[in-house]
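# Notes for the structure review
Chain by chain, the residues run as shown.
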Amino acid sequence: MSITMPTAAVEGIQLTVTPFRADAVVGTIGLPALLQLVPSPKVEEDRRAMKFSPGAIRRHAEIRSLVQRTLKASQKGRNVASYARYIASGINGDFGSGWSTPPITLWLADDPGAVSDELVPGSGIRRITLLAGSPVVAIDGETQVTALHELYDDPDRYGTTYQQLNTVRLPFELYWGLGVEDARQIFYDRNVEGVSVDKNLAMSMDQRDFGTQLAHRVAEAVKVEHDGEMVPFTRLVQSRKRQLTKTDPELVTLSALRVLVVTTIYGRPGLALSSATVRHSDLPAGVTAEQVRRRVVPLLSGLLTQLHPQLAARSAASAPAVLAGIGIAAHQATGWATTGLPLADTDLSDLLAGVRWEREARYWDGVAASANAAGVLNFGGGAKDSGGRVADAILYPDSESGRKIRGR
């Protein structure tokens, strides 16, 4: 007796998707299914592991190598562990709703095994089936995929569980029917064509960064008379751009205000932290976050109130390098400075009161800026380059630079 064979039902991983063009769809996928579709890039770069891997994995590694960078000995690879910790913290609820990972861009080197009719007429929503062993490569978001493999391989290491990870769903877009050249082009477009965010500006948007938190607190604590009315200083802080233009109504950028805060906390070492995350655990030895808040907020509130006329005049005081130098000087008045002479608030105020803030070469050339042949100043060197020189000029009035910025 013979048994009839089943009809041509296709078996594999089924995904519910919505097309946005004829050869590409978007949807969400469970974490275990994603890791089954896309093998670990770290494993695929391990020659010893690949020697004993199944043929399908070796084929996948070959296709991946055509369109992706290597992880080993690269910044991309070094980011994997920190990315895994970030995702685990998000899954554990440590960040509330304030966290996100970008959709993963997948490329299927073959065609889907099957595509269903619309599940809801007129919606475009369909179910596609990817055959087992189909080479699916992450052409954008591969660091995230590698981090997810790390998480799933050892959840305990990252403080999470398989039960939590099995409920995670991830957004994706999937392309198929493309040649290697087109897949490479998508990789290039995603990684090169977009304008990368300046690191200092991005840092000023990080609401978990202690420096950013404190910068907001300082701005909220200050009220000044501006254009004939009392306004909170927050209205005068530009948080969306790295640099101000002449037509901007704001007086200082959030990233520059953050530099002032960070250098006040750390002194000169704060210059190196202008584009690095500041955590509570990174504060100076013996100083708590609450102590920093209680001291820095009123200290800088007073300084910003004093400097408001100079900031409103678009003087040298608004340059990030100058604000960094002011912060280094203010560090001497915090009470936890371990080098240099301690200052009282009135001492600091007096030191700043004698400075000529006009943007003129005779005061700032060679200290916070450089002047061209016509005497026009360029403050483009930035906080790291010039902040220390500005601090020295403020703190030591009788030095050459100190006399220079005081017009003596």
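Attention in this report is confined to the structure presented alongside it. (Residues numbered from 1 in each chain as written. Predicted model: local features only at pLDDT ≥ 70, side-chain atom pairs only at ≥ 80, totals over all residues. Heavy atoms only, no water.)

## As for the overall build of the protein chain
- Looking only at helices and strands, the protein chain features 18 helices and 13 strands.
- Taking 22 Å as the expected radius of gyration for a compact globule of 408 residues, we find that the protein chain reaches 28 Å, considerably beyond that expectation.
- In terms of overall dimensions, the protein chain has C-alpha extents of about 110 × 45 × 40 Å along its principal axes.
- Residues counted as buried form 45% of the 408 residues belonging to the protein chain.
- Restricting to contacts in the protein chain with at least 6 residues of sequence separation, those with at least 24 account for 67%.
- For the protein chain, the accessible area works out to roughly 20,900 Å², and carbon and sulfur atoms hold 52% of it. (Helix = DSSP H or I, 4+ residues; strand = E, 2+ residues; numbered from the N terminus. Rg over C-alpha atoms; globule rule 2.2 N^0.38 Å. Buried < 20%, exposed > 50% of the residue type's maximum accessible area, 1.4 Å probe, protein only. Contact = heavy atoms within 4.5 Å. Areas by Shrake-Rupley, 256 points an atom, 1.4 Å probe, with all protein chains shown as cover.)

## Side note on unusual backbone geometry
- Positive phi is not limited to glycine here, since aspartate 227 has a value of about 55°.
- On the basis of relative accessible area, aspartate 227 is assigned to the exposed category, the value being 71%.
- For arginine 314, which is not glycine, the phi dihedral falls at a positive 55°.
- Looking at the secondary structure, you find arginine 314 in the loop between helix 13 (289-312) and helix 14 (320-331).

## Some points on helix 17 (residues 383-395)
- The first and last C-alpha atoms of helix 17 sit 17 Å apart over 13 residues, in line with the 18 Å expected at 1.5 Å per residue.
- Tucked into the core, helix 17 has its buried residues touching helix 12 (254-266), helix 14, helix 15 (345-353), helix 16 (361-364) and helix 18 (400-405). (Expected span 1.5 Å × (residues − 1).)

## Regarding the packing of aromatic side chains
- For the structure shown, the criterion picks out six aromatic pairs.
- Considering the side-chain rings of tyrosine 86 and tryptophan 99, the 6.0 Å spacing of their centres and the 75° angle between planes classify their relative orientation as edge-to-face. Placement of the pair is tyrosine 86 in helix 6 (residues 80-91) and tryptophan 99 in the loop between helix 6 and strand 3 (104-108), with a sequence separation of 13 residues.
- Under the relative-accessibility criterion, tyrosine 86 is labelled partly exposed at 23%.
- For tryptophan 99, a relative accessible area of 26% puts it in the partly exposed group.
- An aromatic cluster is present here, built from Tyr83, Tyr86, Phe95 and Trp99 joined pairwise through their rings. (Phe/Tyr/Trp six-rings, centres within 6.5 Å; stacked < 30°, edge-to-face > 60°.)

## Quick notes on the pairing of strand 7 (residues 169-176)
- Extensive coverage of strand 7 is indicated by the burial of six of its eight residues.
- With seven bridges joining them, strand 2 (residues 24-30) and strand 7 adopt antiparallel strand pairing. The partner of glycine 30 across the bridge, within strand 7, is arginine 169.
- In the sheet, strand 3 pairs with strand 7 via five bridges, with the strands oriented parallel. Directly across from tryptophan 107, in strand 7, lies its bridge partner tyrosine 175. (Pairing = 2+ DSSP bridges.)

## Brief notes about the side chain of histidine 60
- Residue placement: histidine 60 occurs in helix 4 (residues 55-67).
- Separated by 2.5 Å, the side chain of histidine 60 and the backbone oxygen of valine 136 make a polar contact. (Polar contact = N/O pair within 3.5 Å; in protein donor to acceptor, adjacent residues only side chain to side chain.)

## Let's talk about the pattern of salt bridges
- Following the criterion strictly, the structure yields 16 salt bridges and no others.
- Measuring nitrogen to oxygen at the nearest pair gives 2.6 Å for the salt bridge that ties arginine 21 to aspartate 23.
- The partner of aspartate 110 in a salt bridge is arginine 59, and the shortest N-O contact between them spans 3.6 Å. With aspartate 110 in the loop between strand 3 and strand 4 (114-115) and arginine 59 in helix 4, this residue pair connects regions lying 51 residues apart in the sequence.
- When its relative accessible area of 38% is taken as the criterion, arginine 59 is described as partly exposed.
- Through salt bridges with shared partners, a single ionic network connects Lys42, Glu150 and Arg157. (Salt bridge = Lys/Arg side-chain N within 4 Å of Asp/Glu carboxyl O.)

## Here we look at the nonpolar core
- Core analysis: the largest hydrophobic core is formed by 62 residues, its most contacted members being Phe233, Val322, Ile326 and Trp364.
- Counting residues per element, this core draws most heavily on helix 13, which supplies ten residues.
- With sequence-adjacent residues up to four places away left out, isoleucine 326 is seen in contact with Leu260, Leu303, Leu307, Leu352, Trp357 and Ile394.
- Judged by nonpolar contacts, the second largest core, of 33 residues, contains Leu34, Leu37, Val168 and Trp176. (Core = buried A, V, L, I, M, F, W, Y, C linked by side-chain atoms within 4.5 Å.)

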